[in-house]
Each structure stands twice: as C-alpha cells, then as structure tokens.
Amino acid sequence: MENIFPFHWTFGTLWIGVAIFSAGHALLFKRDPRSALGWIAICLMFPLAGPALYFFFGINRIHSRAQKLQLESPFRIDRGIEDENQILAFQIPPPLDEIARMSDAVVRRSLVGGNRVEPFFNGEGAYPPMLEAIDGAEQYLYLSTYIFETNRTGRQFIDALVRAKERGVDVRVIVDGVGEIYSLPRVGSILAEKDIRFVRFLPPRLFPPALRINLRNHRKLLVADGRIGFIGGMNL
C-alpha cells in the first residue's frame, strides 16, 4: 500500500501539469479570445479529456509551414513593387474607402483597375462560363474547392479538365479532404486515373493524428491563365 500513494501523487501531478500546460498553450497561441477562453475552460475542467481534445482539434500545426510555403512561393508579390493600375484607398470615395483599407490590411494586396466583375447567383449561371474558361485556357488552370461531386455536373468539369491537360495546359486541383467524401466515387480517384495533378487539403487520418474538423479549405477558386477568375461560395 505504501507504494501506491506515490504513484497516485505522481500521476495526479502529471495530469494537472498537462492540463495547465494545454491551457497555457491555448492562452498564448489562440488568436480569437473566445476560442482561447473556451479551450482553457475545457483543459482545466476536464484534465484528461480536455488536453486530448485540444491536441487533436485545437492546435494549428500548419501555420509555420504555411508561412514557409508563402515565402518560397513563386507567386509571392513584393510589397515594394507598385502596379501601374494600383488604386489607393484615398482615391476611393467613402464609405468604400474604409472597405478598401480593411481589404488591403487583411489580404495585403492593393486594388487594381482594369478589371470587370460579373456576379453569378447559382450554379446554372456560373457553371457554363466556368466550363468555357476551362476549355479556353492555354497555359494553366488552378482549381480549388471544398466539395467536388462526381455527379453529372462534376463529370462535366472532370472531362473539361482532361481536355485541357491533353492540350498541354498545366492543370492543378485542390479539394478539401473532408469535402471530397461527400460524393462517391471520390473525385481524387478519378483525377488520378486521368493523370491530373491533384492533392487533398488536410485529409483526415488517425495515425499520425490529423483530425482537423475545424480547419477545412472552403475556398472556391478557378483561375485560367491569370486572366479569368471565379471566386465565391459555390461548390462543384
């Protein structure tokens, strides 16, 4: 019996230490105060389950790598170089000038002129010009989406991407690792068969742990030759 109590004390101290360490990590590294407070409460109220949940779902393990990739990216724009079509915030009448300042501060890309924007309100309006842009691409096509279904509409996009690749266009596709499983067969398997360059954004896996349910890629982008771009909230 005498040997049991030191073990209990050691285990209890370690248990509490892990909870405090996890709570401290959340305090220092979570940017959103509400998120930090929530994780601190979970770690301290549930000393065993709380740190485990924080380890799997609360830690952003890709931030440092993202910064490194951004610095090494060939598409990185030097902030010291000004575009001749650049529009400065003070050149925009209020109240839009405040929006321009916030946009510049967040994305670090100034507004430029010489562009035309056309809004689409549903897939029936957006998909035909997107397919037309894919069929008209000559150099490269970059596609990113959360969901890429393999239904009739999705197959139209897959066929268009295959035709572009056969023309010699550099085709690259990113689909979210969770959004891809909304449809079977998965689009990644089909694109791999067609020899299309394809990657999954943070696919969930148990070993090593990568269950980032709260860190998904919801960006929907289609860029053709740097001239035509589609952005917004519509999946494929």
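With that settled, the discussion passes to the packing of aromatic side chains. Per the stated rule, a full pass over the model turns up five aromatic pairs. With a centroid separation of 5.7 Å and 70° between ring planes, the pair formed by Tyr146 and Tyr182 is classed as edge-to-face. Pair noted here: Tyr146 is in the loop between β3 (140–145) and α7 (152–166) and Tyr182 is in the loop between β4 (170–176) and α8 (187–193), with a separation of 36 residues, a long-range link. Look at Tyr146 and you get buried, because its relative accessible area is 8%.

Together, Trp15, Ile16, Ile20, Leu44 and Leu48 make up a nonpolar patch on the protein surface, roughly 490 Å² of accessible area in all. Position of Ile16 among the secondary structure elements: in helix α1 (residues 4–29).

What follows covers the environment of Gly24. By the secondary structure assignment, Gly24 is in helix α1. Along the backbone, Gly24 and Trp39 are 15 residues apart, and their C-alpha atoms lie at a distance of 9.8 Å.

With that settled, the discussion passes to the pattern of salt bridges. Across all of its chains, the model carries seven salt bridges by this definition. The partner of Glu118 in a salt bridge is Arg116, and the shortest N-O contact between them spans 3.7 Å. Judged by its relative accessible area of 48%, Glu118 falls in the partly exposed class. A residue is classified by how much of its surface remains accessible, and Arg116, at 71% relative accessible area, is exposed. The shortest N-O distance in the salt bridge between Glu180 and Arg186 comes to 3.8 Å.

With mixed pairing, the five strands of this open sheet are ordered in space as β5-β4-β3-β6-β7. Each of the sheet's edge strands pairs with one partner strand only, and the pair in question is β5 (197–201) and β7 (228–232). With direction set aside, neighbouring strand axes in the sheet form an average angle of 10°. In the sheet, strand β6 (residues 220–224) pairs with β7 via five bridges, with the strands oriented antiparallel. Looking at the pairing, Val223 lines up with Gly229 of β7. Relative to the sheet, helix α6 (residues 123–136) contacts β3, β6 and β7, its axis offset from that of β7 by approximately 145°.

Our next topic: helix α5 (residues 96–107). The first and last C-alpha atoms of α5 sit 16 Å apart over twelve residues, in line with the 16 Å expected at 1.5 Å per residue. Positioned one or two residues after α5, Arg108 has a phi angle of 60°, which is positive.

Here is what the cut-offs are and how they apply
Residues numbered from 1 in each chain as written. Predicted model: local features only at pLDDT ≥ 70, side-chain atom pairs only at ≥ 80, totals over all residues. Heavy atoms only, no water. Phe/Tyr/Trp six-rings, centres within 6.5 Å; stacked < 30°, edge-to-face > 60°. Helix = DSSP H or I, 4+ residues; strand = E, 2+ residues; numbered from the N terminus. Buried < 20%, exposed > 50% of the residue type's maximum accessible area, 1.4 Å probe, protein only. Patch = residues over 30% accessible without salt bridge, like charges linked within 9 Å, V, L, I, M, F, W, Y side chains within 5 Å. Areas by Shrake-Rupley, 256 points an atom, 1.4 Å probe, with all protein chains shown as cover. Salt bridge = Lys/Arg side-chain N within 4 Å of Asp/Glu carboxyl O. Pairing = 2+ DSSP bridges. Axes fitted to C-alpha atoms, helices over the stretch in contact; angles between N-to-C directions. Contact = heavy atoms within 4.5 Å. Expected span 1.5 Å × (residues − 1).

What is shown is where atoms sit, not what they do.
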